[in-house]
Amino acid sequence: MNAPTGIGASVRRKEDYRFITGQGTYTDDINRPGQAYAYFLRSPHAHAKIKSIDISAAKSSPGVLGIFTGADLAADKVGGLICGWTVTGKDGTPHKAPPHPVIALDTVRCVGDQVALVVAETREQARDAAEKINVDYQALPAVVDPAATLKSGAPQLHAEAPGNLCYDWDFGDKAATEAAFSKAAHTVKLDLVNNRLSPNAMEPRVAIGEYDRATDTLTCYSTSQNPHVLRLIMCAFIFGMPEHKMRVVAPDVGGGFGSKIFCYAEEVACVWATRKVGRPVKWTSDRTEAFLTDAHGRDHVTHAELALDKDGKFLALKCSTIANMGAYLSTFASSVPSYLYALLLAGQYTTPAIYAEVKAVFTNTTPVDAYRGAGRPEATYVVERLVELAARQLKMDPVEIRKKNFIPPNAFPYQTPVAVAYDSGQYALSMDEALKLVDYKGFAARRAASEAKGKLRGIGFAAYIEACGIAPSSVVGSLGAGVGLWESASIRFNPTGSVSVFTGSHSHGQGHETTFAQVVSDKMGVPIDQVEIVHGDTQRVPMGMGTYGSRSLAVGGSAIVRACDKLIAKGKKIAAHLLEAAVEDIEYDKGTFKVAGTDKSVNMQQVCFTAYVPHKYPADLEPGFEENGFYDPSNFTYPAGTHIAEVEVDPGTGHVTVAKWVAVDDFGKVVNPMIVEGQVHGGVAQGVGQALLEQVIYDKQSGQLLTGSMMDYCLPRAEDLPSYTVATTETPCPHNPLGVKGCGEAGAIAAPAALMNAITDALGVEIDMPATPEKVWRAAQTRVTRQAAE
Amino acid sequence: MATVSITVNGNKVSRDVEPRTLLVQYLREHLGLTGTHVGCDTSQCGACVVHIDGASVKSCTTLAMQCEGASVTTIEGLAKDGKLHPMQEAFREHHALQCGFCTPGMIMSAVDLVEKNPGLTEDDIRHGLEGNLCRCTGYHNIVKAIAAASKTMGR
């Protein structure tokens, strides 16, 4: 018997063969006839006036086809980069989105800002020529720290944003929250830094611009997570041209984690320059450029407080956050520390009153935008560090305090005090499963065994929640989004029964070619090897919104189901005609159309063939077997679960060993457990990276990026990470047809809080991420000193 | 320009290249073998690992001219007669890849690691992967795949 291939089976990935044999097609693998190469001269200063740019020597450098500055783009009326989500502040005014030119005009505001574009016959010639461009800078004072940038006297980045303030925003019921705090038996306070991260997808960004004179069409090959959104932004806002004259192709993309959602300067510049030089223009980022120009993540400074009654019941939570936006507002940057953050501050708990205020600020650093989890890891980090600290201060078991405050399973749908209504969840179920897997009862003995070796052992929990499956268009529209967040699918049966599925989602590691094929195979009764998934090309795929916010299956998969349902409805009419029965009497099950109560049936292949060879066909029915589905969700989905980390700390060296990792997640229905587990592994690894190793650091005086290479920015390697124990509980999503919730971000949301709770449990001292050996060693010494004093 | 002759995946090839040409550029740009990837510029990520005379080497830090007369195997040359190498099979079976970008270098490193070190433990494998970065998988399934392949390779 063949291995199962339907929904729920761990089908081996259809896309793997090309990747394990070196036959993937990543953007840098594409070379167009006559292609020239782009190189960007970038600012060496964090903040400076450009007094003049002298390109005369560079122009005559060998192989140069063109050298362009901001003035050239301005002369062609090329628009600047935009932010597609407007956040309205406390005072009712929209956020400040200062101009973000594709190439700097008169001022550079971060190291790496584009100053000039050189196009030459080869990459090396372009680079050689760039070295001959003479830019006269007048250096200005720079500020990189999010708290420092708000102080009076701080260097000012934009005339449009006085005080470097992008917005001062709040959410929740301030009066109710303050009232709850005033009568609370206990208050727990914590200052937290959520460290700035560099996404570091292994594939650097690449862009190729190509103009076809015959059809007057531009093509942009790009490492994008959402080619249609990129096309929309470029056509509607930057070039002012119709979308049918622009094709965006995002072929195999080597990881994104959010960083490839955005519309960046380089792809715009290549698309513009191709007409200037009359040749295809290709740019390939090197890793140093990636550190300088790929949007960063996180970078919050937060003060948070939790109010509790005498029994440990949560009464209210409040927090005040400064969020670093960097030098300019990136594509969706404004939404991340506001709506994607504060709306998740209820966590898994019944906390009745919540109030958050967020100041988003500009600094002379790389723009910050969505990175795996985007706002939700920051929220979980605040809530779960507070809850753990509360347990310690009230001398309660960290499990008991959480269970006491969990939203009970019979309370769903559950309206939180921060706008979102959770659709479903069984939080204690996931936690109990995790406790079993980690052997919580055995922890005391394991801690004693570690102490006998001179090590400190700690255990930490994160009972996280996220809102994903982004998102109901009406909701995000009311919150300031400039786009709708539905998804599309088109399913085309070919005459002999194979199927081409065109999805607006984009796969860059998630395995859509397998998971989506499982869904279609299951619904339509077609063998999985007869189903192809097509994505990543605006010319082939219907308008779609792309992949981010763990939305592909919950929203894109639901659109596929919509299209399947339409095909089945049409198939019933064809079958009724073939079987000479009434449509109402046709029953459908996994590829077979049957007359109810009889053994008369036709299969999907016969129905499909009939639709294309309609010799015997209903007179009032269109031929053909192809349908579109569009799906706009009615709510977010709310995956949740418990992650437990157990660490062993060497107080002599400050080294942290992750001894155990248990993740029990509730993603609703799971289509491919193997792929879901892989997503959890990867998410946890990025969360562990944030908690232990990773931090983007700028020099506070000069604004220079000190972590601009993989030798300076510490990405987790195999030896830094444990093996994970991963399990799921299943509480189906009640409002989408697959019952799925999304799994891509959960690990990165849960892991930092779980790991820091474990480390601080071991140390008995609160510290910030990343828990580097130096920081941990110092904290361990504090503990030793304190114990000696006691 | 300099003429560089190398045996690549069993085929003798010769190209005139600038002396500063790196082996990875020679493979990708001059031979069109784009399976070997470039993920960094500091010899850290290992996406570019190939075998030179049987040893795993980062092709982003090797000049093509250094390989004159050598035998180079890339990811495209690992499967023989349409049959996947056991390491490739193991990566697919254990879901050891997601975006696939690090995968060619990871597989080439893993093959060399296993061939030179029989009886690898999990710790050995994790340590042996210090020259290769993956941002998608958290390494869990890569370690599993290499452990599995270490049992089937050479059989």
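Participant: Could you give me a rundown of the packing of aromatic side chains, with the residues and numbers involved?
Facilitator: Aromatic ring pairs are reported here in terms of the distance separating the ring centres and the angle at which the planes meet. Residues and elements named next belong to chain A. Enumeration according to the criterion identifies 21 aromatic pairs over all chains in this entry. Pairing F19 with Y26 gives two aromatic rings, centres 5.9 Å apart and planes at 35°, and the pair type is tilted. Neither F19 nor Y26 differs from the other in exposure class; each is buried. Ring plane angle 40° and centroid distance 6.4 Å describe the contact between Y414 and Y422, whose orientation is recorded as tilted.

Participant: Explain the pattern of salt bridges residue by residue, including any values.
Facilitator: Note on pairing: side chains with opposite charge can pair once their charged atoms come close. On inspection of all chains with the given rule, the structure shows 49 salt bridges over all chains. Salt bridges sharing common partners tie together A:E384, A:R385, A:E388, A:R392, A:R402 and A:E766.

Participant: Residues and numbers for the domain arrangement of chain A, please.
Facilitator: Residues and elements named next belong to chain A. The domain architecture assigned to chain A consists of domain 1 (33-140 + 203-254 + 260-293), domain 2 (395-469 + 635-789) and domain 3 (486-631). The centre of domain 2, based on its C-alpha atoms, is set 40 Å off from the matching centre of domain 3. The contact between domain 2 and domain 3 buries some 1200 Å² in all, and 63% of this surface belongs to carbon and sulfur atoms. Broken down residue by residue, the surface that domain 2 buries against domain 3 is led by V671, P737 and L738, which jointly contribute 39%. The interface formed by domain 2 and domain 3 includes 0 salt bridges. Summed over the shared surface of domain 2 and domain 3, the number is 7 residue pairs in polar contact (both at pLDDT 80 or more).

Participant: Tell me about the side chain of A:H228, residues and numbers included.
Facilitator: Residue and element names in this part refer to chain A. Counting through the fold element by element, H228 comes out in helix 6 (residues 227-239). According to the relative accessible area criterion, H228 is buried, its value standing at 3%. There is a polar contact of 3.4 Å between the side chain of H228 and the backbone nitrogen of G544. In contact with H228, other than residues within four places in its own chain, are T538, V541, P542, M543 and G544.

Participant: Lay out unusual backbone geometry with the relevant residues and their values.
Facilitator: Residues and elements named next belong to chain A. Cis geometry is found at the peptide bond from F412 to P413, where omega equals 0°. Here P413 shows up in the loop between helix 11 (398-405) and strand 16 (414-415). The backbone phi angle of K395 is positive, close to 55°, even though this residue is not glycine. Note on placement: K395 falls in the loop between helix 10 (376-393) and helix 11. Residue K590 is not a glycine yet carries a positive backbone phi of 40°.

Participant: I'd like to hear about the packing of helix 10 of chain A against helix 11 of chain A, residue by residue, with values.
Facilitator: Residues and elements named next belong to chain A. It is at 8 Å that the axes of helix 10 and helix 11 come closest, and there the two elements cross at 120°. Crossing angle aside, the handedness with which helix 10 passes helix 11 is right-handed. Every residue of helix 11 that contacts helix 10 at E384, V387, E388, A390 and A391 is listed here: P398, I401 and R402. Grouping the constituent residues of the contact of helix 10 with helix 11 by class yields 5 nonpolar, no polar and 3 charged.

Parameters and conventions
- Residues numbered from 1 in each chain as written.
- Chains lettered and ligands numbered in written order.
- Predicted model: local features only at pLDDT ≥ 70, side-chain atom pairs only at ≥ 80, totals over all residues.
- Heavy atoms only, no water.
- Phe/Tyr/Trp six-rings, centres within 6.5 Å; stacked < 30°, edge-to-face > 60°.
- Buried < 20%, exposed > 50% of the residue type's maximum accessible area, 1.4 Å probe, protein only.
- Salt bridge = Lys/Arg side-chain N within 4 Å of Asp/Glu carboxyl O.
- Domains from an automatic or database assignment.
- Buried area = accessible area lost by both parts, 1.4 Å probe.
- Polar contact = N/O pair within 3.5 Å; in protein donor to acceptor, adjacent residues only side chain to side chain.
- Helix = DSSP H or I, 4+ residues; strand = E, 2+ residues; numbered from the N terminus.
- Contact = heavy atoms within 4.5 Å.
- Axes fitted to C-alpha atoms, helices over the stretch in contact; angles between N-to-C directions.
- Left-handed = near helix turned anticlockwise from the far one by under 90°.
- Nonpolar A, V, L, I, M, F, W, Y, C, P; charged D, E, K, R; others polar.

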